[in-house]
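Fold and contact review
Chain residues, written in single-letter form:
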Amino acid sequence: MNTELSDKQRTGLIVGIVGIIIVCLCVIMALWGGKSVWDSLRKEKGGTTSSGRDSATAELTVAVSPGMAATFTKLAEQFNAHAYKTPDGSPMLVRVLPVVPEKMVAQSLANPPFQAIAPDSSLWLNQLDRRWIAAQSSTTEGEAGTIPIGNRRFGDPVRYAVSPVVIAAWESVARGLGWPERNIGWKDIQQKATADPTFKWNHPSTGHASGLLATLAEFYAGAGLTRGLTPEAATAQTTLDYVRAVEATVRFYGEGEDVIVQRLAEEGRGFLDAFVAQEQVVIAWNQTQPGERLVAIYPAEGTLWADHPLALLELGAPGETPITDNQRRTYQALVTFLTSPDVQRQLLAAGYRPAALDIRMDEAGSPFASSVAVDWRQPQTTLQIPSESVVEVVQNVWWYTKRPTNIYLVVDTSGSMEGSKIDLTRAALRSFVEQIRGDRDQVGLIAFASDVNVLRPLQPLDDAGRADLNRGIDQLQAKGNTSLIDGVWEAYTELTLRGTPEAINAIVVMTDGQENNSDHSLPELQRRIQREHGTSVVIFTIAFGSDADEKLLRSMAEMGGGQFRRATETDIEELYKIISTYF
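Residues numbered from 1 in each chain as written. Predicted model: local features only at pLDDT ≥ 70, side-chain atom pairs only at ≥ 80, totals over all residues. Heavy atoms only, no water.

Description of the side chain of threonine 86
Put simply, the test is: Labels follow the DSSP assignment, with helices taken as runs of H or I lasting at least four residues and strands as runs of E lasting at least two, numbered in each case from the N terminus. The rule is simple: take the accessible area with a 1.4 Å probe, protein chains only, and divide by the maximum for that residue type; under 20% is buried, over 50% is exposed, in between is partly exposed. Residues adjacent in sequence count toward polar contacts only when both atoms are side-chain atoms; beyond that, a polar contact is any pair of N or O atoms within 3.5 Å, and within protein one must be able to donate a hydrogen and the other to accept it. Note on contacts: a residue pair qualifies if any of its non-hydrogen atoms lie within 4.5 Å across the two residues.
Summarising the element assignment, threonine 86 is placed in the loop between helix 2 (66-81) and strand 2 (93-98). Relative accessible area serves as the criterion here: at 5%, threonine 86 is assigned to the buried category. A polar side-chain atom of threonine 86 sits 2.4 Å from a polar atom in the side chain of aspartate 88. Sequence-distant contacts of threonine 86, defined by excluding residues within four places in its chain, comprise Ala58, Met92, Asn326 and Arg329.

Overview of the environment of alanine 349
With respect to the secondary-structure elements, alanine 349 resides in helix 13 (residues 341-349). Note: C-alpha distance between alanine 349 and alanine 284 (65 residues apart in sequence) is 9.3 Å. Setting aside residues no more than four positions away along its own chain, alanine 349 makes contact with Gln287 and Pro367.

A short note on the sheet that holds strand 4 (residues 154-159)
What counts, and what does not: Here a strand pair is declared whenever DSSP counts at least two bridges between the two strands. Here, axes are lines fitted to C-alpha atoms. For helices the fit covers the stretch in contact, and angles between N-to-C directions go from 0 to 180 degrees.
If you trace the five strands from one edge of the open sheet to the other, you get 2-1-3-10-4, paired in mixed fashion. Both edges of this open sheet fall to strand 2 and strand 4, since each of them pairs with a single strand only. Between one strand axis and the next, the sheet turns by 25° as a mean value, whatever way the strands run. As defined by bridge partners, strand 4 adjoins strand 10 (residues 309-313) across four bridges and the pair is classed as antiparallel. Along strand 10, the bridge assignment pairs valine 158 with leucine 310. On top of the sheet, helix 2 reaches strand 1 (59-64), strand 2, strand 3 (116-118) and strand 10; it is set at about 170° to strand 2, its chief contact.

Description of unusual backbone geometry
Cis rather than trans, the peptide bond between tryptophan 179 and proline 180 has omega equal to 0°. For proline 180, the location among the structural elements is in the loop between helix 5 (171-177) and helix 6 (186-195). The omega torsion of the bond from glutamine 378 to proline 379 falls at 0°, within 30 degrees of zero and hence cis. Residue position: proline 379 is located in the loop between strand 11 (353-354) and helix 14 (388-401). The phi angle at alanine 83 is positive, at roughly 55°, despite the residue not being glycine. For alanine 83, the location among the structural elements is in the loop between helix 2 and strand 2. For histidine 308, which is not glycine, the phi dihedral falls at a positive 45°. With respect to the element layout, histidine 308 can be found in the loop between strand 9 (305-306) and strand 10.

Quick look at the pattern of salt bridges
The condition is simple: Take a side-chain nitrogen of Lys or Arg and a carboxyl oxygen of Asp or Glu: if they are within 4 Å of each other, that pair is a salt bridge.
Per the stated rule, a full pass over the model turns up 28 salt bridges. For arginine 152, the salt bridge goes to aspartate 129, with nearest N and O atoms at 3.2 Å. Of this pair, arginine 152 sits in the loop between helix 4 (122-136) and strand 4 while aspartate 129 sits in helix 4; the two residues are 23 residues apart in sequence, bridging distant segments of the chain. Aspartate 129 gets classed as buried once you look at its relative accessible area, which sits at 17%. Linking glutamate 388 and arginine 130 is a salt bridge whose minimum nitrogen-to-oxygen distance equals 3.0 Å.

Read these as layout, nothing more, since geometry by itself doesn't imply function.
This is the structure we're talking about:
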């Protein structure tokens, strides 16, 4: 039998094999295309794409003001423990991200790392609304349809707690002012600080709710109003004179109540006599700290409230990850949870006033029922939140009414700063200068290495002065040893000569290494600071990296009544921005 294939059979076999290969390729291509379509549909409908990212996620990240973050985190943990699920079985989870409100607003404008925000005041929601609409005003008509919810960046806001802004004072200080027999106002604080140079009080910068609300209250008091503050009333000369007189007595500005409370705990009774804060801070301090208690002074002229809103961002602009239906469900479940009677009473126990009006402030277990340090019947006068345009005017005008500042930036330019460190330092210094906007503020620049050089003496930060200071910053070069103490000594000398008692006079010094070249010693500097009682100078110190002499920098900050901070290459610029808020 002949088993060999004929030419015709061989040809047919080859054609068949090629056909099978072509069919297989077509099937593979069809499957690949179908998978892409399926992934696309899954993404649109909220499924899981080939990248592994769950676009139907029910996990919600909430940006929360630092002062509320600890309380909110505990509540989020309780919420997560309930193991709520969406209809499709996805777990509802809430994550908390502490963010300063000003930064929260800025990040919310473009692809933020969170889906909901919980600032300490609705003022920040108003600012976000205004900035979002302004940012979209240049959008073309064809793109306008991508703007979520009719040009609004957030929806479904709800208030879950409130707390009036008060002047927190040690009880002995408050009694010295006449508390509780008489009502005390901003003028009393100003007169006390003017008559007694040792009296120290503070309010945060207007980048924090308590600082902004207190500033608005000062403008109301200066205008003699309790509602209807207008740009005209806020900028009247009598109003500006009043606010300037009060602000002239502020020892320093700075960060929010959470940082002030931390420093009170670390530095004790002598750190401040009084400070602006939410009423909740007074309750929380007295619940956890031994010794003399704080009391809440409700300004006689009236006050405003931190109303703690929670709002869902309407994400979905080009380049953004849209909010999923499941995240909306998690948000609504969180709102229901936070406004439930049980959680509202937990917030009351933590010192906040509940948003639920049916919960009695003086009920059993309430911190208001058992203390005279706070008074739930106060404030007698609640000021009206002004329009966003007025708030913007007040924020801008505040730079011209606040206490002026004289600052020397003292910078390590030794050899160890060469490379990325000096580049990052230049950027950080420029950011610091950008934040200082008062027309009466002056800034100088001193570099230290083997020698100390006054690169720029104190000069006003008008347009010309700002440009000149930035040119000096751009010229910084790293080379030589580290004359750290001599650099601070020179800045201290300059400020005692050029500084003024009515200003905040400060040194902000940064180094990445060890002192190794100064003619003066740390004990000499300390003796000089203790001996010279003319112009008061505050010293802020920054340890850049792990090789800096932390012990020396801490000592320097303590003797100068300032602060010690650590910085890395990733956060040096942000740290300089934070320090700028103290001025």
